[in-house]
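One letter stands for each residue in the lines below.
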Amino acid sequence: MPIEITVLALGALLLVVHITVAVHYTTQQYGLGWNMGARDEQKPPLGDVAARLQRARDNFLETLPIAIIALFGVVLTGKTSELTALFAWLWLGARVIYLPLYWAGIPYIRTVAWFASMFGLLGVLYVLLAG
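Residues numbered from 1 in each chain as written. Predicted model: local features only at pLDDT ≥ 70, side-chain atom pairs only at ≥ 80, totals over all residues. Heavy atoms only, no water.

Visitor: Would you take a moment to explain the pattern of salt bridges for this structure?
Guide: Should their charged atoms come close, side chains of opposite charge can pair. Under the definition given, this model contains one salt bridge. Of the charged contacts, one joins Asp 58 and Arg 57 as a salt bridge, the two residues approaching to 3.0 Å between their closest N and O atoms. (Salt bridge = Lys/Arg side-chain N within 4 Å of Asp/Glu carboxyl O.)

Visitor: It is not clear to me how the side chain of Thr 26 should be interpreted in this structure. Could you clarify?
Guide: With respect to the helices, strands and loops of the structure, Thr 26 is situated in helix H1 (residues 3–30). Once you skip the residues sitting within four places of it in the chain, Thr 26 turns out to touch Gly 31, Trp 34, Leu 46, Ala 50 and Gln 54. (Helix = DSSP H or I, 4+ residues; strand = E, 2+ residues; numbered from the N terminus. Contact = heavy atoms within 4.5 Å.)

Visitor: Where do I start with the nonpolar core in this structure?
Guide: Soluble, globular proteins show a tendency: their nonpolar side chains are buried together. Judged by nonpolar contacts, the single largest core of 19 residues is most densely connected at Val 7, Phe 60, Leu 64, Ala 67, Leu 71, Trp 91 and Val 124. Of all elements in the fold, only H1, helix H3 (48–76), helix H4 (82–104) and helix H5 (109–130) reach the threshold of two or more residues within this core. The element that contributes the greatest number of residues to this core is H3, accounting for six residues. With sequence-adjacent residues up to four places away left out, Phe 60 is seen in contact with Gly 11, Leu 14, Leu 15, His 18, Trp 91 and Arg 95. (Core = buried A, V, L, I, M, F, W, Y, C linked by side-chain atoms within 4.5 Å. Buried < 20%, exposed > 50% of the residue type's maximum accessible area, 1.4 Å probe, protein only.)

Visitor: How should unusual backbone geometry be read in this particular structure?
Guide: Peptide bonds are trans in most cases, and residues, glycine excluded, mostly fall at negative phi. Look at Tyr 108: it is not a glycine, yet its phi comes out positive at around 65°. With respect to the helices and strands, Tyr 108 occurs in the loop between H4 and H5.

Interpretation note: all reported values are geometric properties and have no functional meaning in isolation.
As structure tokens, this is what we get:
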């Protein structure tokens, strides 16, 4: 199996982690009834940690389609290489680091991790489009 597909599968697991921790902290604040219910009622704003985890999840969801297109793209076109594998790992590794940084509310380094992940994705897209 191409490395790029393995990285995507691991990215899917990372999405599960994002969803799980965001829902866990939101449920801690709003209660199990909220979690099990229709969630129609208005609730007060989330606390800092739960809100950060939801934003981190949303950010991951914004970039995941780019990863899917780029990584599947190089696999489908036969353009995989050590370079695309390196870029794929850079994307995933930076996204793994990003979550605890955002969770803890650490600025600047979190942004560096985000840029590193985007560099990885843009590298794969470059190979896909120009390679």
